[in-house]
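# Fold and geometry: a report
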Amino acid sequence: LVPAGLREELAYVDETADEELVARYRVSDPGPLLGLDVVNGSHTGLVAFSQTENGCEMRWEVSFDCRGRAGFWKQATEFLVGNAADALQSYVTKPSAPYWFDPLSEFGLARDGDASDKPLLLVLPGLDGSSVTAWMQYPELGEAYDLRCLVLPANCRGSYEDWVNTAVEEVEKAALRAEASRLLKKVERPVFVLGESMGAGVALDVAARSSVAGAVLVSPATGWDRTALGGARSKLVRLPDPVLALVIALSSYQLLDRGQLDTTLRRIATGETSPLLEGEDREAYAWRVVGELPQRLALPASACRHRMREWVGPSIAA
């Protein structure tokens, strides 16, 4: 456990008579920080899961002997275990399957008219899987299209083919709804796909396998293997987690793009706003999105490795 230098090892995993799954662990080395007060060999822990009517209940117990500052270490442990438990709960309750959302409804921007009468635009995300990187363009796109954006959660470990099939299925459902609109409302409702970055390859494959009216490729990464970063992807996946996470963050916030970085810094320095976000409603929408960007763009290094190994090659080949 960095930076404390704490080392833990799994003792055993078992299932009790009450069908409770139990994992017991022990501290094999308390490290220089805990070693000052915690008696070596006395630190053990238990994490248990049991099925309940409302889902799953987790029990986490920790015990250790102290030479001093026992109260401090008790409070510190409760704080750290509590934070870890909350993070675990948040992680496992997030859907691992891909899902679609309307970005304008999601972030509280009202639209004029009935969106169901507009052409449908299905947005396919890049490697981050968030579909929020084009958030500045969504209000303007929403004037002309009914938007549906695909989210690939960080704990989604599907294949590239799964990604394509998810989009094709949505296109087929949309085509049935469009036919119903044509017959009942006399309204033509074509379906378009928009692929951003690595999603551009997916958009091409979707267009080849379905009856979309058109495909739009935005900043397509179909030639990413010929860039410095893409050409080094076999080395990127071997980077230590903190370094890979930094590269992911810089890329997700487009800080590796000189033009985008210059624009961002200028707007921060001058207070300039994008013409796409003028008006009180759009400004409020922008602040709501910005508040959620860190959470939505967060991508663990393990997820990034999986996607770079499994998704990049087929997307470029498309």
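Preceding this paragraph is the structure being described.
Attention in this report is confined to the structure presented alongside it. (Residues numbered from 1 in each chain as written. Predicted model: local features only at pLDDT ≥ 70, side-chain atom pairs only at ≥ 80, totals over all residues. Heavy atoms only, no water.)

### Considering the pairing of strand β9 (residues 214-218)
- Bridging between strand β8 (residues 191-196) and β9 involves 5 bridges; their strand directions are parallel. Residue pairing across strands places E196 opposite V218, the latter belonging to β9.
- What joins β8 to β9 is helix α6 (residues 199-209), and the crossover it makes is right-handed. (Pairing = 2+ DSSP bridges. Helix = DSSP H or I, 4+ residues; strand = E, 2+ residues; numbered from the N terminus. Right-handed = clockwise from strand over helix to strand, strands pointing away.)

### Observations regarding the nonpolar core
- Core analysis: the largest hydrophobic core is formed by 35 residues, its most contacted members being L124, V206 and M308.
- Looking at this core, the elements with two or more residues in it are β6 (120-124), α5 (160-185), β8, α6, α9 (241-252), α12 (301-310) and α13 (312-317).
- Element by element, the count of residues in this core is highest for α5, at 7 residues.
- Among the nonpolar cores identified, the runner-up in size contains 21 residues, and Y138, L147, C149 and V151 belong to it. (Core = buried A, V, L, I, M, F, W, Y, C linked by side-chain atoms within 4.5 Å. Buried < 20%, exposed > 50% of the residue type's maximum accessible area, 1.4 Å probe, protein only.)

### Some remarks on unusual backbone geometry
- For S131, which is not glycine, the phi dihedral falls at a positive 60 degrees.
- Mapped onto the fold, S131 is located in the loop between β6 and α4 (138-141).
- Unusually for a residue other than glycine, S197 sits at a positive phi of about 55 degrees.
- Overall, the relative accessible area of 27% leaves S197 in the partly exposed class.

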